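Fold and contact review
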Amino acid sequence: MSKKITERLPKEVGTGLYPVKSPWDKMISYHDAAHYCQRYTNVVAAAIMQAFRIIEPDYAARSQAMCTNAYNRLYYVNTAIPGYGEKNAENLHMHPFMRGNFVGGLIGDAGDEDLLMCGRVNDFGTYRAEKELDICYWDLVGTELCRSTTQSLQACADCAAKMRPDGPHIEYHMVEAKGAGDRHCRIVAECRKKFPMPEHEQWECFGPVATEDQIKFTKEEDTVEESMMFREDCDYLFSNGTNMEKNWKSAYPMVTMSNAASYILPTIEDLIRGGKVTNEHVDYVIHCVLEAAGKSTFIDDFAKEGLRIWLGVPHSISKDDGRLMGGYLEMFLQSMHFNYTIEAFNEEECIYVLDPKELNSCAFGSTKMADAYLWFWYGMTKSLVNPQWSLWEEDSPESKLRIKIAKKVDKFC
């Protein structure tokens, strides 16, 4: 029997939230804005990773630094914020009879859902857990990131175990990664007393596991492209193994808070504090790479035309107009739910004032995130409009960031 209405998001999804709207009244939905945030922030993070590869050329050293930071940072969050762990346990329905750190799988599973990384839990037990992802918006960044996300999950699990009765300790291991070219991302966690493996370095939490014969591989035709909260077959609800449910509202603020840069920039700042690199060298490398990444964004005319259609730009506005960049910038800021004010928006200049702390919140508060965005948008302005136009910070009020888009002559750019 055919359905009268083919599958689509219910009309109430996104209702009550302010819309994302271009200066020319083109609107995008809550669902599309959430996906846009995840793709955008992680494309920028991919450029930041390239900068990190210049700053620290050794793969093992780079990976170990990221793994150490990821574990320590998430351990700190889970233990330093009063009531954080207890609230997490309550929200995720970590039942009192659960023992050991396998309950950390509940944290990872719910986090994947909120970040629109859809898939399934294939195993969830005291001695073994397995999670398989079909979609990962972080897959273009690099395998160093895949390793470090495993360690952030390990930290969450170890902290959750402190609130449980004593039980088996399991080691979270990345077996497959879309960032490495695999069809899926796959975490397998095993109790080493039950499933022994040779000892390894922290950054080597990647590759074969003892229970490889227990892996449940999902066929291509059975994979999914949306999180449970956006799927009709799940009644538009995420439901975990302990019957915790949440709806589409959970995508925000998570899609604005967590991305690959929140693993990379704090690690780089660790290296600066440790005297391994200088702050000046780091800023220079990130500046160069992010500017080049921005310039490559609109290298083709069809990309510019696609943006005009997406923004609803009228034909009366020419290709040589900074409002194209201004409109683009507004769509990002609105999708991220960042506050901003407009001082100017005309054919000669666009001026926006915003809070740099909101930009830095994308990278766990790293002050280098706002600078990375500025350099990225500067380069983008050059290719989207033309090299006569620039984007820069000018006359920023205290604790604010004032961004100007206008024509500018710079003999040293």
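Just so you know, these numbers come straight off a predicted model, no measurement behind them.

1. Some words on the nonpolar core
Of all hydrophobic cores here, the largest spans 88 residues; its most connected members are Y40, M369 and W377. Ignoring any residue separated from it by four or fewer positions in sequence, one finds Y40 in contact with Y328, F332, Y373, F376, W377 and M380.

2. Focus: the packing of aromatic side chains
Scanning the entire structure with this criterion turns up 18 aromatic pairs. Consider the rings of Y40 and F332, whose centres lie 4.3 Å apart with planes at 25 degrees: the pair is stacked. Here F332 lies in helix α10 (residues 323-335) and Y40 lies in helix α1 (residues 30-55), a separation of 292 residues in the sequence. Of the two residues, Y40 and F332, both sit in the buried class. Aromatic pair W138 and Y263: ring centres 5.7 Å apart, planes at 70 degrees, arrangement edge-to-face. Of this pair, W138 sits in the loop between β4 (128-133) and α5 (143-161) while Y263 sits in helix α7 (residues 261-273); the two residues are 125 residues apart in sequence, bridging distant segments of the chain. Grouping residues by exposure puts W138 and Y263 together as buried. Members of the aromatic cluster, joined through ring pairs, are Y36, Y40, F298, W310, Y328, F332, F338, Y373, F376 and W377. Stacked on the ring of F206, the Lys or Arg R147 has its end atom at 4.5 Å from the ring centre.

3. Focus: the side chain of E358
With respect to the secondary-structure elements, E358 resides in helix α11 (residues 356-360). The charged side chain of E358 is buried without a salt bridge, its nearest counter-charge being K400 at 7.3 Å. If we ignore the near neighbours within four places in the chain, the residues touching E358 are H337, F338 and N339.

4. Here's the deal with the pairing of strand β12 (residues 401-407)
Buried residues dominate β12, accounting for 6 of its 7 residues. When strand β10 (residues 349-354) meets β12, the two strands line up antiparallel, connected through 6 bridges. Residue E349 lies in a different strand from β12, and its bridge partner there is A406. Alignment of strand β11 (residues 389-393) against β12, held across 5 bridges, turns out to be antiparallel. Residue pairing for β12: L391 is matched across the bridge by I405.

5. Quick word on unusual backbone geometry
That bond from Y252 to P253 is cis: its omega, 5 degrees, falls within 30 degrees of zero. As for its placement among the helices and strands, P253 is situated in helix α6 (residues 251-257). Of note in this structure, N243 is not a glycine but carries a positive phi near 65 degrees. One non-glycine residue, D395, lies in the positive phi region at around 50 degrees.

6. As for the sheet that holds strand β6 (residues 185-191)
Spatial ordering of the open sheet is given by β3-β4-β6-β5, a layout of 4 strands whose pairing is antiparallel. In the strand order of this sheet, the two ends are held by β3 (119-124) and β5 (170-176), each with one partner. Strand after strand, the sheet turns through a mean of 15 degrees between neighbouring axes, direction not considered. Across the face of the sheet, α5 comes into contact with β5 and β6 while running at roughly 155 degrees to β5.

7. Considerations on the packing of helix α9 (residues 301-311) against α10
As a packed pair, α9 and α10 sit with axes 11 Å apart at the nearest point and diverge in direction by 60 degrees. As the angle between them shows, α9 and α10 are arranged oblique. In this structure, α9 meets α10 at a crossing whose hand is left-handed. Within the contact between the two elements, α9 uses L307, R308, W310 and L311 and α10 uses L324, G327, Y328 and M331. Residue classes in the contact of α9 with α10 are distributed as 6 nonpolar, 1 polar and 1 charged.

8. With respect to the environment of A45
As for its placement among the helices and strands, A45 is situated in helix α1. Since its relative accessible area comes to 0%, A45 is described here as buried. Remark: the alpha-carbon pair of A45 and A372, spanning 327 residues in sequence, is separated by 9.3 Å. With residues near it in sequence (within four places) discarded, A45 still touches V141, N259, A260, A261 and I264.

9. A look at the pattern of salt bridges
It is possible for side chains bearing opposite charge to pair when their charged atoms get close. The tally for this structure, following the rule as stated, stands at 27 salt bridges. With a shortest N-O distance of 2.9 Å, K246 and D114 are connected by a salt bridge. One end of the pair, K246, is in strand β8 (residues 245-246); the other, D114, is in helix α4 (residues 104-114), with 132 residues separating them in the sequence. Judged by relative accessible area, K246 falls into the buried class, the value being 15%. Under the relative-accessibility criterion, D114 is labelled buried at 10%. The network of salt bridges with shared partners includes R120, D123, R128, E130, E132, D134, E176 and R186.

10. Details of helix α8 (residues 279-297)
Under the 1.5 Å per step criterion, the end-to-end length of α8 is 27 Å for 19 residues, consistent within 8% with the ideal 27 Å. Along α8, the residues that are buried comprise V282, V285, I286, V289, L290, E291, A293 and G294.

11. Examining the sheet that holds strand β9 (residues 340-345)
The 4 strands lie next to each other as β9-β10-β12-β11, forming an open sheet whose pairing is antiparallel. Of all strands in the sheet, those with a lone pairing partner are β9 and β11, marking the two edges. Each neighbouring strand pair of the sheet contributes to a mean axis angle of 15 degrees, computed without reference to strand direction. Relative to the sheet, α10 contacts β9, β10, β11 and β12, its axis offset from that of β9 by approximately 170 degrees.

Rules and cut-offs
- Residues numbered from 1 in each chain as written.
- Predicted model: local features only at pLDDT ≥ 70, side-chain atom pairs only at ≥ 80, totals over all residues.
- Heavy atoms only, no water.
- Core = buried A, V, L, I, M, F, W, Y, C linked by side-chain atoms within 4.5 Å.
- Buried < 20%, exposed > 50% of the residue type's maximum accessible area, 1.4 Å probe, protein only.
- Contact = heavy atoms within 4.5 Å.
- Phe/Tyr/Trp six-rings, centres within 6.5 Å; stacked < 30°, edge-to-face > 60°.
- Helix = DSSP H or I, 4+ residues; strand = E, 2+ residues; numbered from the N terminus.
- Lys NZ or Arg CZ within 6 Å of the ring centre and 35° of its normal.
- Lys, Arg positive; Asp, Glu negative; His and termini not counted.
- Salt bridge = Lys/Arg side-chain N within 4 Å of Asp/Glu carboxyl O.
- Pairing = 2+ DSSP bridges.
- Axes fitted to C-alpha atoms, helices over the stretch in contact; angles between N-to-C directions.
- Parallel < 35°, antiparallel > 145°, perpendicular 65-115°, else oblique.
- Left-handed = near helix turned anticlockwise from the far one by under 90°.
- Nonpolar A, V, L, I, M, F, W, Y, C, P; charged D, E, K, R; others polar.
- Expected span 1.5 Å × (residues − 1).

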